[in-house]
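Examination of the molecular architecture
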Amino acid sequence: MLQSMVIGAGAGRACANRGRACRGLYSFGLILLLSVGFVACEKTSDQAVEVKATVTGGLPGVLHLTAEELARTVIVVSPVARGQLRVPREFTATVQSNENELAEVTTLIRGRVVKVYVDVGQDVKKDTLLALLHSTDLGVTEGAYLKAAAKLHEAELAYERAKDLHEHKAVSLAELQRREAEMKTARAEARETQNRLELLGVPRQEVERLDRNHTIKADVPLRAPFDGRVIMRNITRGEVVETNQKFFTVADLSDVWVVGNVPEKDVQFIRKDQKVDVIVSAYPHAIFPGTITYISDVLDPATRTMRLRVTVPNPDHMLKPEMFAMVRVYAAPNPDALTIPLAAVQNGPNGKMAFVRRGANDFEARAVKLGLERGELVTVLEGVSEGEPVVTRGSFMLKSEMERHKIEPAP
């Protein structure tokens, strides 16, 4: 082309010296120059089309990389797998004491605290003495019981004497009947005072002691109802307590309740006696197995959640009431699920997409419809087939190239 331009310029100078006869030669050179330039431009346009074809591969949705581009990129593929996938559901919860093994220690009679024997966190056995109260009301009631017992004894002796005298015709039948009525009245009074002691929580052993010793002992012992741990104390030495107070809470923490709330959309995955896993914030790497023992029949209208209760064995007392927890429930496994790694999924122009390797240098962008996630895997409902190699590493670079060349994912 440069040579043609030189020829054209020389012909112009020659024509200037020779006149009109050389003008034709100049015109010829100019025409030759334009023709050569047009042919060169047409060739350049064809080469650009050819380069673009190597990028797109000539197929819709397929990205073609040259050998040099492929050498600069790390591409790792993984086949689409088919098999069983267990999908977990997790719900927030809190650890609570087993209310079936929980007792509030109170008293049925007012009194003054003489001594406290246990503190919060202390393990106790059944009938362990927790505290001792002194009650004047109990003293009055015990005194009434002793008086009634003495009156009954006197009435019984009088009746026996009258009966003996009546047999010997010494007293009338009316006198015998009067003595019998007095005995029955005294017996009813004695039974009433004994029942009053029992209603005040006086054990049978104390009543038997009164019958033996005939001495008033106005002490009210507070004892543990069963083996457990003291988790609450609300009593101080010297204070006067009433019958509506709660002094101690004793709980058997060998198993605990984990109570949570299940969203309405996940109710379908919950059933009674189902085995679950419990994870607490205090021990993030520990899993405590439990069993669903209660499912509410009514949803909370404000939160649209269902109450759930899990019973968890706690032999080492690691789980403590009011701990934050997470209940993990596994949904019914899908035995025929297609799964791909989450790393293979990218955000496409119209949703999720993945790249399927079609050859050594070709990668097809596919729109995919995803299902449930499980760890590093996700189920695929549409878009890929079993065994197809999807790109797990390097998919973001392929997405960038796809957007640069404006390639649409294949449906």
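A few points on the structure.

So, about the environment of Leu 381. Mapped onto the fold, Leu 381 is located in strand β23 (residues 377-382). For the pair Leu 381 and Lys 369, spaced twelve residues apart in sequence, the C-alpha separation works out to 5.4 Å. If we skip the residues at most four places from it in the chain, Leu 381 touches Lys 369, Leu 370 and Gly 371.

It is possible for side chains bearing opposite charge to pair when their charged atoms get close. Counting across every chain of the model gives 21 salt bridges. Residues Glu 386 and Arg 82 are paired through a salt bridge, measuring 2.9 Å at the closest nitrogen-oxygen approach. Placement of the pair is Glu 386 in the loop between β23 and β24 (389-393) and Arg 82 in strand β3 (residues 81-85), with a sequence separation of 304 residues. On the basis of relative accessible area, Glu 386 is assigned to the partly exposed category, the value being 48%. Put simply, Glu 180 and Lys 184 hold a salt bridge, and the shortest N to O gap is 3.6 Å. With Glu 180 and Lys 184 both in helix α5 (residues 173-199), this residue pair falls four residues apart, about one helical turn. The network of salt bridges with common partners includes Glu 175, Arg 178, Arg 179 and Glu 182.

Here we come to the side chain of Thr 305. Within the secondary structure, Thr 305 sits in strand β16 (residues 305-313). Overall, Thr 305 belongs to the buried group, its relative accessible area being 15%. A polar atom in the side chain of Thr 305 sits 2.7 Å from the side chain of Thr 303. When neighbours within four sequence positions are excluded, Thr 305 is seen to be in contact with Asn 261, Val 262, Pro 263, Leu 299 and Asp 300.

Quick look at the sheet that holds strand β17 (residues 324-330) now. As summarised here, the arrangement of the six strands in space is β4-β13-β16-β15-β14-β17, forming a closed barrel in which the pairing is antiparallel. Taken pair by pair, the neighbouring strands of this sheet meet at an average axis angle of 40 degrees, ignoring direction.

Here we come to the packing of aromatic side chains. Taken as a whole and judged by the stated rule, the model has one aromatic pair. Of note, Arg 309 hangs over the ring of Trp 257, and the distance from its end group to the ring centre comes to 4.1 Å.

Relative to the assigned elements, His 134 resides in strand β8 (residues 129-134). Sequence separation of His 134 and Ile 109 is 25 residues, and the distance between their C-alpha atoms is 9.8 Å. Dropping the residues within four chain positions of it, His 134 is found in contact with Gly 111, Arg 112, Val 114, Ala 218 and Asp 219. Reaching out from His 134, the side chain makes a polar contact with the backbone oxygen of Ala 218 at a distance of 3.3 Å.

Judged by nonpolar contacts, the single largest core of 26 residues is most densely connected at Leu 130, Leu 222, Ile 235 and Phe 248. The set of elements that each furnish at least two residues to this core consists of β6 (111-116), β8, α4 (136-167), α6 (204-213), β9 (219-223) and β12 (248-251). When near neighbours in sequence (up to four residues on either side) are disregarded, Phe 248 contacts Ala 103, Glu 104, Val 105, Val 116, Val 118, Leu 130, Ala 131, Leu 222, Val 230, Met 232, Arg 233 and Ile 235.

Of the volumes computed, that of the largest pocket is approximately 580 Å³. Contributing to the lining of the largest pocket are 22 residues, with Gly 201, Pro 203, Pro 221, Leu 222 and Arg 223 lying nearest its centre. If you list the elements that add at least two residues to the lining of the largest pocket, you get β8, α4, α6 and β9. Ranked by residues supplied to the lining of the largest pocket, first place goes to β9 with five residues. In terms of residue class, the lining of the largest pocket is built from 13 nonpolar, four polar and five charged.

Non-glycine residue His 317 carries a positive phi angle of around 60 degrees. Along the chain, His 317 falls in the loop between β16 and β17. Positive phi, normally seen in glycine, also occurs at Glu 322, with a value near 80 degrees. In this fold, Glu 322 is placed in the loop between β16 and β17. Residue Glu 322 is classed as exposed on the basis of its relative accessible area of 59%.

Secondary-structure assignment places Met 353 in strand β20 (residues 351-357). As for Met 353 and Leu 370, which are separated by 17 residues in sequence, their C-alpha atoms are 9.4 Å apart. Ignoring anything within four residues of it in the chain, the contact list for Met 353 reads Ala 344, Val 345, Gln 346, Asn 347, Gly 348, Ala 365, Arg 366, Ala 367, Val 368, Met 402 and Pro 409.

What follows deals with the pairing of strand β14 (residues 275-280). Within β14, five of the six residues are buried, which leaves it mostly tucked inside the rest of the structure. In the sheet, β14 pairs with strand β15 (residues 283-299) via five bridges, with the strands oriented antiparallel. Opposite Val 276, over in β15, you have Gly 290 as the bridge partner. Hairpin connection between β14 and β15: a loop of two residues separates the two successive antiparallel strands. Across four bridges, the pairing between β14 and β17 is antiparallel. Bridge pairing links Asp 277 to Arg 328 in β17.

Cut-offs used in this document
- Residues numbered from 1 in each chain as written.
- Predicted model: local features only at pLDDT ≥ 70, side-chain atom pairs only at ≥ 80, totals over all residues.
- Heavy atoms only, no water.
- Helix = DSSP H or I, 4+ residues; strand = E, 2+ residues; numbered from the N terminus.
- Contact = heavy atoms within 4.5 Å.
- Salt bridge = Lys/Arg side-chain N within 4 Å of Asp/Glu carboxyl O.
- Buried < 20%, exposed > 50% of the residue type's maximum accessible area, 1.4 Å probe, protein only.
- Polar contact = N/O pair within 3.5 Å; in protein donor to acceptor, adjacent residues only side chain to side chain.
- Pairing = 2+ DSSP bridges.
- Axes fitted to C-alpha atoms, helices over the stretch in contact; angles between N-to-C directions.
- Phe/Tyr/Trp six-rings, centres within 6.5 Å; stacked < 30°, edge-to-face > 60°.
- Lys NZ or Arg CZ within 6 Å of the ring centre and 35° of its normal.
- Core = buried A, V, L, I, M, F, W, Y, C linked by side-chain atoms within 4.5 Å.
- 1 Å grid on protein atoms, 1.4 Å probe; cavity = no way out; pocket = protein on both sides within 12 Å on 5 of 7 lines; lining within 4 Å.
- Points joined across faces, edges and corners; volume = space filled by probe spheres on them.
- Nonpolar A, V, L, I, M, F, W, Y, C, P; charged D, E, K, R; others polar.

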